Amino acid sequence: MNWQQLEQVLDLYWEGKTSLAEEKQIKEAFLRSDIPEHLKRFTNYFAGLKQMQELKLPDSAFEEKLGKQLSDTKRFKLKNNTLFSYAAVFLVLISLSFFLINNFNTEKENFEILSPEELVFVQKHLSFMSQSLAQSISFSAQNIEKIGLINLGAQTIQSYENTYLKQMQNLNKIEYLNQSVNELESKQNKDSLK
Amino acid sequence: MLQSEFKEQFFYLKDKMFRFAKYYLKNEAEAEDIVQDTFLKLWNKKNSLSEVRNKETYALSMIKNASIDRIRKLKTFSLEEVKKEPENILTPLDSLSQKETHGHLMKLISRLNEQQQTLIILRDVEGYEYHEIEEITGLSINTIRVNISRARNTIKEKILKLNTDELATIRTSS
């Protein structure tokens, strides 16, 4: 495409009436060396857009790190699911126990009419429930401790984040102060020259 | 979705996601953090990602939302104090301008309103079609067209004005 045609497309570009393909042609044209004098003033603008397109994520190991994190997320999720299932079992056992204890208290007299075999059966059942409950409580306590550690970790990360943000603010302020100092120095230099 | 499939479908977007986040957050480290968080969120949604029609615009709209949330969060850490000194805040365009030779003109874009800046970035830097920009920003195609046209006209006028001012300066000094 020659510059006469390109200039017509450029007019449409400023009006927002060009297709992506036409816009690509314009951007490529402004990388050429034969730009007419009166259009050279737009060169920096299109070159600037090109520069922005080339901006890349600075961390070259980003993909590798992220890959590891994706695997870790999967593991953490599995752990979490396990914790939830233990918690659910624990709740069911607690509810059952309360139900049985309540029934035992209110219908105490009924045991008097149970046969010895029936009493042994009830005793065995209650003993099994009691053991399961003790195991669940111990297991849940361990997991609750782990959750506590996770929360502590999250809090520490949060506090690091806060510190980092404060540091950023301070750095900005220092930069501003440095600029002011530089400006003052340059003014003083000028005054002394006068 | 396997991790290898996920990487193949999303990892190539990392630079685009980073540029878009940086445009909002004005800070490379924060932008990188947002990109990382967004990838993890996407990974957690891996089972429903097959229903997403355009994964690229979906990821970028997530970046947009996450960046806006982060800005709000940063504000709660009293960043307003720093904002009172606008010369301290470098937009990505400004920071480019300091590092690169074309910065002077790139500042023109940073003087546009926020919506117009986003649209120029998505269209002129990232090269998205109008319907894709609609998916990312949630704006109607008509609003997008009108604002891109206004933004480009503003930029053109400023370039021409700049050129006229420069010529006037040269004439005066000669």
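What counts and how
- Residues numbered from 1 in each chain as written.
- Chains lettered and ligands numbered in written order.
- Predicted model: local features only at pLDDT ≥ 70, side-chain atom pairs only at ≥ 80, totals over all residues.
- Helix = DSSP H or I, 4+ residues; strand = E, 2+ residues; numbered from the N terminus.
- Buried ≥ 20, exposed ≤ 12 C-beta atoms within 10 Å, placed from the backbone.
- Contact = placed C-beta atoms within 7 Å.
- Axes fitted to C-alpha atoms, helices over the stretch in contact; angles between N-to-C directions.
- Parallel < 35°, antiparallel > 145°, perpendicular 65-115°, else oblique.
- Left-handed = near helix turned anticlockwise from the far one by under 90°.
- Nonpolar A, V, L, I, M, F, W, Y, C, P; charged D, E, K, R; others polar.
- Core = buried A, V, L, I, M, F, W, Y, C linked by C-beta atoms within 7 Å.
- pLDDT = per-residue confidence, 0-100.

We now examine the overall build of chain B. Each helix and strand counted, chain B has 10 helices and zero strands in total. Buried residues in chain B amount to 33% of all 174 residues. Sequence separation of 24 or more characterises 57% of the internal contacts of chain B that already satisfy a separation of 6 or more.

This paragraph deals with the overall build of chain A. For chain A, the helix and strand inventory stands at five helices and zero strands. Along chain A, helices and strands appear, N-terminal first, in the series α-α-α-α-α. Out of the 194 residues belonging to chain A, those deemed buried represent 7%.

Two measures define how a pair of helices packs: the angle their axes make with one another and the distance between the axes. Residue and element names in this part refer to chain B. In contact at an axis separation of 10 Å, helix α8 (residues 114–125) and helix α9 (residues 130–137) are set at 135 degrees when each is read in the N-to-C sense. In terms of their interaxial angle, α8 and α9 are classed as oblique. As for how α8 packs across α9, the hand of that crossing is right-handed. Residue-level inspection shows T118, L119, L122 and R123 of α8 in contact with α9, the latter providing I133, I136 and T137. Of the residues in the contact of α8 with α9, the class split is four nonpolar, two polar and one charged.

Residues and elements named next belong to chain A. Mapped onto the elements of the fold, N44 is located in helix α3 (residues 43–53). N44 sits in the buried class, given 20 other C-beta atoms within 10 Å. For N44 and L31, which are 13 residues apart along the polypeptide, the C-alpha to C-alpha distance reads 9.9 Å.

The next thing to look at is the interface of chain B and chain A. Listed by partner, the interface residues are 41 residues for chain B and 33 residues for chain A. Elements with a contribution of two residues or more to the side of chain B that touches chain A: α1 (3–10), α2 (14–25), α3 (28–44), α5 (80–83), α7 (103–110), α8 and α10 (141–173) of chain B. In terms of residues, the side of chain B that touches chain A owes the most to one element, α10(B), which gives nine residues. Each residue belonging to the side of chain B that touches chain A can be placed in one class, and the counts come to 17 nonpolar, nine polar and 15 charged.

This part takes up the packing of helix α1 (residues 3–14) of chain A against helix α2 (residues 20–29) of chain A. Residues and elements named next belong to chain A. The N-to-C vectors of α1 and α2 enclose an angle of 120 degrees; their axes lie 10 Å apart at closest approach. By the angle between their axes, α1 is oblique relative to α2. Here α1 and α2 pass one another in a crossing that is left-handed. Only E22, E23, Q25, I26 and A29 of α2 make contact with α1, whose side of the interface consists of L6, V9, L10 and Y13. Looking at the contact of α1 with α2, its residues break down into six nonpolar, one polar and two charged.

Turning to the environment of B:Y12, a few remarks are in order. All names here are of chain B. Within the fold, Y12 resides in the loop between α1 and α2. Y12 sits in the exposed class, given 11 other C-beta atoms within 10 Å. Here the alpha-carbon distance between Y12 and E56, two residues 44 residues apart in the chain, equals 9.7 Å.

Our focus in this paragraph is the nonpolar core. One broad trend across soluble globular proteins is that nonpolar side chains are buried collectively. Residues and elements named next belong to chain B. Counting residues in each nonpolar core, the largest one holds 45 residues, and the members touching the most others are M17, A21, I34, V35, I63, L119 and I120. With seven residues, α2 is the largest single contributor of residues to this core. Non-local contacts of I120, meaning those with residues more than four positions away in its chain, are made with I109, L112, I148 and A151.

Before going further, it helps to spend a moment on unusual backbone geometry. Non-glycine residue B:K26 carries a positive phi angle of around 60 degrees. Under the C-beta neighbour-count criterion, B:K26 is labelled partly exposed, with 17 such atoms within 10 Å.

With that out of the way, let us pick up the confidence of the model for chain B. Residues and elements named next belong to chain B. Averaged over every residue, the pLDDT of chain B is 81; the share at 70 or more is 76%. In this model, residues 78–98 is a region of pLDDT below 50 whose contacts with residues beyond four sequence positions or in other chains number 37 contacts. Scored by ipTM, the complex comes to 0.75, with pTM at 0.59.

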